[in-house]
Amino acid sequence: RAASSAVAALMQHEVHDLAEMEGRLLSGLSSLVEDLAAEERRRRASWEEKAERVARELRAGVEADMARSACEARSLLSEAKREASEARKSVLPLQDWLSALQRKELPTALAEAIHRDVQPEIQGMLRREVEQAMQRLDMQASDRLLKACAEQVAQALAQERQEFGASRRALEARMSEMETDVTKHKKDLRS
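Please read these numbers as outputs of a predicted model, since none were measured by experiment.

Thresholds applied
- Residues numbered from 1 in each chain as written.
- Predicted model: local features only at pLDDT ≥ 70, side-chain atom pairs only at ≥ 80, totals over all residues.
- Heavy atoms only, no water.
- Helix = DSSP H or I, 4+ residues; strand = E, 2+ residues; numbered from the N terminus.
- Buried < 20%, exposed > 50% of the residue type's maximum accessible area, 1.4 Å probe, protein only.
- Contact = heavy atoms within 4.5 Å.
- Areas by Shrake-Rupley, 256 points an atom, 1.4 Å probe, with all protein chains shown as cover.
- pLDDT = per-residue confidence, 0-100.
- Polar contact = N/O pair within 3.5 Å; in protein donor to acceptor, adjacent residues only side chain to side chain.
- Salt bridge = Lys/Arg side-chain N within 4 Å of Asp/Glu carboxyl O.

1. Considerations on the overall build of the chain
1) Next: The helix and strand inventory of the chain stands at three helices and zero strands.
2) Next: Within the span of the chain, comprising 191 residues, buried residues form 16% of the whole.
3) Next: In the chain, of all internal contacts separated by at least 6 residues, the share reaching a separation of at least 24 is 83%.
4) Next: Accessible area of the chain: about 15000 Å², with a carbon and sulfur share of 57%.

Below, the structure written as structure tokens:
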């Protein structure tokens, strides 16, 4: 009996020691998990700050590009106005000639023949030339502006996708490492 009570006391003492050790181990593991979670929060905050900074830089770049595009559009508009003015100057002799016809400065028969056959054609040609010049200028300006904007937006989106993908992969890798560590610690605790 004395031996069995000594063995029971010894076992009780060992169980108590094991319980204390388990408590310390759980406390250490809890502290480790809290430290890992705090580290993860710090990393997430850092990543979010970086993402916000990249978004601000992207916005600034797009705004600068839009300002450049607006400047280019103004330049193209100025060029279009200049070409329209030149077109008006080039048809001025025709207008003068038509005015002379209307004042009947030519022989009557010739003036009537020209007036009847040529004047509508000349006015139509003049109108078509001016309209075509204006359309060409409008199309060129629109195409350049649209192309520049599309390229800038595509570049900005591609850069943002790359940065987001890299940050996401790093975060997923870190979480996978943490899960592996926690699983390992659980196994160590169980054995």
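Here the narrative resumes.
2. Concerning the side chain of Glu40
1) Next: By the secondary structure assignment, Glu40 is in helix α1 (residues 2-102).
2) Next: What makes Glu40 buried here is its relative accessible area of 12%.
3) Next: Apart from residues lying up to four places away in sequence, Glu40 is in contact with Leu171, Arg174 and Met178.

3. Points about the confidence of the model for the chain
1) Next: Per-residue confidence for the chain gives a mean pLDDT of 79; residues scoring 70 or more make up 83%.
2) Next: Looking across the chain, the model is least confident in helix α2 (residues 108-117), with a mean pLDDT of 63, and most confident in α1, with 85.

4. Some details on the side chain of Asp65
1) Next: Mapped onto the elements of the fold, Asp65 is located in helix α1.
2) Next: By relative accessible area, Asp65 is classed as buried at 14%.
3) Next: At 2.5 Å, the side chain of Asp65 and the side chain of Arg68 are in polar contact.

5. Things to note about the pattern of salt bridges
1) Next: Applying the stated rule across the entire model yields four salt bridges.
2) Next: Taking the shortest distance from any N to any O, the salt bridge between Arg68 and Asp65 comes out at 2.5 Å. Of this pair, Arg68 and Asp65 both sit in helix α1, three residues apart, roughly one helical turn.
3) Next: Classification of Arg68 by relative accessible area gives exposed; the value is 52%.

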